[in-house]
Amino acid sequence: MQAINHAATALILKRKFPSAPLMGLILATEAVEYLWVGLNIIGVEKTIVDTPMKSVADVHLVHMPFSHSIATSVIIAALVGLIVFWRSGKAASAVSIAIGLGVFSHIVLDLLVHAPDIALTPLIGSPKFGTGLYSNLPLPALVLETLWGVFCWYYYRGSKKLLGLILALGAASIPIYSAAINIGEAALSGHNVIFAFVIMGQMVATSALVWIFAREKDDQAAIQAAV
Ligand SMILES: [Zn+2]
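Rules of the game
Residues numbered from 1 in each chain as written. Predicted model: local features only at pLDDT ≥ 70, side-chain atom pairs only at ≥ 80, totals over all residues. Heavy atoms only, no water. Helix = DSSP H or I, 4+ residues; strand = E, 2+ residues; numbered from the N terminus. Rg over C-alpha atoms; globule rule 2.2 N^0.38 Å. Buried < 20%, exposed > 50% of the residue type's maximum accessible area, 1.4 Å probe, protein only. Contact = heavy atoms within 4.5 Å. Areas by Shrake-Rupley, 256 points an atom, 1.4 Å probe, with all protein chains shown as cover. Lys, Arg positive; Asp, Glu negative; His and termini not counted. Charge placed at Lys NZ, Arg CZ, Asp CG, Glu CD. Expected span 1.5 Å × (residues − 1). UniProt positions renumbered as here; feature names shortened; annotations may be inferred. Donors = N, O, S within 2.8 Å, 3.2 Å for Na, K, Ca; no water. Patch = residues over 30% accessible without salt bridge, like charges linked within 9 Å, V, L, I, M, F, W, Y side chains within 5 Å. Salt bridge = Lys/Arg side-chain N within 4 Å of Asp/Glu carboxyl O.

The name that an unreviewed UniProt entry assigns to the protein is Metal-dependent hydrolase, with the source organism given as Thalassovita aquimarina.

Written out as structure tokens, the structure reads:
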């Protein structure tokens, strides 16, 4: 799932756990993706980007047992939650739960759209899961994940600008989800590490934009909830 729709999940958590910091929640929803970027750069995990790359279906996440397995996601979510709890004290138990849920939300959402590339555990021979939408029906996958982003916005009662951001980033990524429409993604063909850096850049930019736009509310009475 792309960065904007992972980050949108932080909106639901912010509404449920108002004391949790919004940026902390956004970073939590993308924590395992940052881990994936790092592990790809140092070569521990491996991605194959076909030549030519026409769409997300040409990106194969062939080895990512540490960042994107169900078992490691549970462990990372629990560890991050415990660290937040330890750093913040008992008063912040709701915050640590929210952050832990944010971390775990990532793998759940990826399972909804990924090719079957998510292992149960990092152990060799583990079965792999994923609906296969990215490899078989990328455009419907984009519609589905954008609907998730819009639902998060609706639940949060965000501003029209925030809705515009979610829809605009969804529309801007149509060429990446369509083999028929190309705007230069072929430049990434065969460049798995550069692809990881592009994903990192997308996450950083998206996180900042969601954080800025989510703090604006059309409903003045709700402004305090976002601060
Ligand atoms: Zn992911």
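Now that the structure has been shown, the text picks up again.
**Remarks on the overall build of the protein**
When helices and strands are counted, the protein shows 11 helices and four strands. Computed over C-alpha atoms, the radius of gyration of the protein comes to 17 Å, within 12% of the 17 Å expected from 2.2 N^0.38 for 227 residues, which places it in the range of a compact globule. For the protein, the spread of C-alpha atoms along the principal axes amounts to about 50 × 40 × 25 Å. Counting every position in the protein, which comprises 227 residues, the buried fraction comes to 47%. Pairs at least 24 residues apart make up 66% of the contacts formed inside the protein by residues separated by at least 6 positions. Accessible surface computed for the protein: about 10700 Å², of which carbon and sulfur atoms make up 73%. With 13 positive and 12 negative side-chain charges, the protein shows a separation of 12 Å between the mean positions of the two kinds.

**Brief notes about helix H8 (residues 160–172)**
Over its 13 residues, H8 runs 18 Å from end to end, which matches the ideal 18 Å to within 8%, given 1.5 Å per residue. Those residues of H8 that are buried are in contact with helix H1 (3–16), helix H7 (138–156), helix H9 (174–177) and helix H10 (192–214).

**Remarks on the UniProt feature "transmembrane region" (unreviewed entry) in the protein**
UniProt records the feature "transmembrane region" (unreviewed entry) for residues 20–42, 62–85, 92–113, 133–155, 162–181 and 193–214 in the present numbering. End-to-end, the C-alpha atoms of residues 92–113 are 33 Å apart, and along that stretch the chain is 95% helix and 0% strand. With 75% helix and 0% strand, the stretch residues 162–181 has end C-alpha atoms that lie 26 Å from each other.

**Comments concerning the coordination of the zinc ion**
Note on metal geometry: ideal angles are 109.5 degrees for four donors arranged tetrahedrally and 90 or 180 degrees for six donors arranged octahedrally. Glu-33 (OE), His-68 (NE2), His-106 (NE2) and Asp-110 (OD) make up the full set of protein donors to the zinc ion, lying at 2.0 to 2.2 Å. As a motif over one chain, the donors of the zinc ion read E-x34-H-x37-H-x3-D. Placement of the pair is His-106 and Asp-110 together in helix H5 (residues 93–113), with a separation of four residues, close to one helical turn. Residue His-106 shares its accessibility class with Asp-110, and that shared class is buried.

**Here we look at a nonpolar patch on the surface**
Taken together, Ile-41, Ile-42, Val-44, Phe-66 and Phe-197 make up a surface patch of nonpolar side chains, about 440 Å² in accessible area. Relative to the elements of secondary structure, Val-44 occurs in the loop between helix H3 (31–41) and strand S1 (46–49).

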